[in-house]
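# Reading the structure
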Amino acid sequence: MKKKTLIVDEDVQKKKRFITKLIVTLVLLVACATTVINIVLIYLRNEEFSENADELSRLNSKTVFSIDRIYLYSSADATNNETNKPVWDLNIFQYTDIALYINNRSDEGITYENTIKELIIDDVKFNNLETGTPSLYYKDVNDFAKLTNNEENVINNSLEFDVINSGDADYSKPVIYSNCQNPITLEYVNTNMEENTVISDITNPLVYDGSLLKKAGIALTKLECTLSFRITIINNYNQKYVATVYIDIPIEDSLNGTSIYDGKLIRNIENTNLVKFIRTE
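Below: a short report on this structure. Everything numeric here is computed off the predicted structure, so don't read it as measured data.

What follows is about the pattern of salt bridges. On inspection of all chains with the given rule, the structure shows 5 salt bridges. Among the ionic pairs, Glu113 bridges to Lys62, the shortest N-O distance being 2.9 Å. Taken together, the positions of Glu113 in the loop between strand E2 (88-103) and strand E3 (116-127) and Lys62 in the loop between helix H1 (2-59) and strand E1 (66-80) put the pair 51 residues apart, joining distant regions of the chain. Close ionic contact of Asp122 with Arg230 constitutes a salt bridge, the shortest N to O distance being 2.9 Å. Separated by 108 residues along the polypeptide, Asp122 in strand E3 and Arg230 in strand E10 (residues 226-235) bring together distant segments of the chain. Judged by relative accessible area, which is 16%, Asp122 ranks as buried. In the salt-bridge network here, residues are joined through shared partners; they are Asp97, Lys139 and Glu187.

The buried fraction of strand E8 (residues 184-191) is high, at 8 of 8 residues. A two-sided burial pattern is seen for E8, the buried positions comprising Ile184, Leu186, Tyr188 and Asn190 on one face and Thr185, Glu187, Val189 and Thr191 on the other. By the bridge criterion, 6 bridges tie strand E4 (residues 133-138) to E8 in an arrangement that is antiparallel. Each bridged residue has a counterpart across the sheet, and for Ser135 the counterpart in E8 is Val189.

Attention shifts here to the packing of aromatic side chains. Counted under the stated rule, the structure contains 7 aromatic pairs. Pairing Phe65 with Phe277 gives two aromatic rings, centres 6.4 Å apart and planes at 75°, and the pair type is edge-to-face. One end of the pair, Phe65, is in the loop between H1 and E1; the other, Phe277, is in the loop between strand E14 (265-276) and strand E15 (278-279), with 212 residues separating them in the sequence. Assessed through its relative accessible area of 0%, Phe65 is described here as buried. The class of Phe277 is buried, set by a relative accessible area of 1%. Measuring from centroid to centroid gives 6.1 Å for Phe126 and Tyr188, while their planes differ by 45°, and the two rings are tilted.

With that settled, consider the sheet that holds strand E5 (residues 158-160). The strand order across the open sheet built from 5 strands is E5-E3-E10-E11-E15, with neighbouring strands paired in antiparallel fashion. Edge strands, defined here as strands with exactly one partner in the open sheet, are E5 and E15. Strand direction decides the pairing type here: E3 and E10, joined by 9 bridges, are antiparallel. Across the sheet, Asn127 pairs through a bridge with Thr226, a residue of E10.

With 50 residues, the main nonpolar core has Ile98, Leu100, Leu119, Ile184, Phe229 and Ile231 as its most contacted residues. Once you skip the residues sitting within four places of it in the chain, Leu100 turns out to touch Ile67, Arg69, Ile70, Pro183, Ile184, Leu186, Phe229, Ile231 and Ile247. Formed by 8 residues, the second largest nonpolar core is a distinct cluster that contains Phe93, Tyr95, Ala99 and Tyr137.

Turning next to the side chain of Thr185. Secondary-structure assignment places Thr185 in strand E8. On the basis of relative accessible area, Thr185 is assigned to the buried category, the value being 2%. One polar contact links the side chain of Thr185 to the main-chain carbonyl oxygen of Lys139, over a distance of 2.5 Å. The contact partners of Thr185, leaving out residues within four places of it in the chain, are Ile98, Ala99, Tyr137, Tyr138, Lys139, Asp140, Val141 and Phe144.

Turning to the pairing of E10, a few remarks are in order. Note on strand geometry: in a regular strand, side chains alternate between the two faces of the sheet. For E10, the tally of buried residues reaches 9 of 10 residues, placing the bulk of the element in the interior. Where E10 and strand E11 (residues 240-248) come together, 9 bridges link them in antiparallel fashion. Along E11, the bridge assignment pairs Ile233 with Tyr241. As consecutive antiparallel partners, E10 and E11 are separated by 4 residues, and within that stretch Asn238 has a phi angle of approximately 65°, a positive value.

Conventions we followed
- Residues numbered from 1 in each chain as written.
- Predicted model: local features only at pLDDT ≥ 70, side-chain atom pairs only at ≥ 80, totals over all residues.
- Heavy atoms only, no water.
- Salt bridge = Lys/Arg side-chain N within 4 Å of Asp/Glu carboxyl O.
- Helix = DSSP H or I, 4+ residues; strand = E, 2+ residues; numbered from the N terminus.
- Buried < 20%, exposed > 50% of the residue type's maximum accessible area, 1.4 Å probe, protein only.
- Pairing = 2+ DSSP bridges.
- Phe/Tyr/Trp six-rings, centres within 6.5 Å; stacked < 30°, edge-to-face > 60°.
- Core = buried A, V, L, I, M, F, W, Y, C linked by side-chain atoms within 4.5 Å.
- Contact = heavy atoms within 4.5 Å.
- Polar contact = N/O pair within 3.5 Å; in protein donor to acceptor, adjacent residues only side chain to side chain.

Shown next, in the form of structure tokens:
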């Protein structure tokens, strides 16, 4: 009886060992298959990335559109909530007008390739701002260097420009000539920094410019902001060009020892291919 029991126990142990080996073998096979699949996927992704990189390099063998100049004008303005009072009760706005000059290599001739069919601005972001409510607007070039804050031209999600080939342009609305002869003009506005700011020193005339920020005690560091947005151009070959523009809002100039507190701050940035448009299609 004992011998039979021993034989049965041995059979059970053999089955357990077989099942254990089978499970280990299956786990190893699954692990090997997973590894092989991952290797193949990585290879395919690398191949796809390489092909995309080669295609992108081919599409951008030459520069067609670039921003070669950015002109910035920073100041401030306010609305007065009180009249005929011994104090000023103000809502102050800091603003920066922006002019972007696109180089389309027109000196080499006007073609379907270097003329604009569509232009869109989107993906607007305001980075590192400590105080206030920022917005970005299209700006009538005739109103450049003065606050307009036109809610009809605020850029919420995206802004599409009217593209014209010739004739007079109505700059009150987003418009650009197909040959890039006029700049893209925008207005950055920061509101709600200090609502109902009371300025009791009325011995000196109140000047509606950047000096308001100093009178209101608004620290320059709180106004620092990096504005970014994407510009998409479709040319007359239906080719797509994209560029992301980054602008540090001018608040002070350490080289000249000046700041927006002095009333205004102007910055003119020029360089070939300052912002290069990348062809994606």
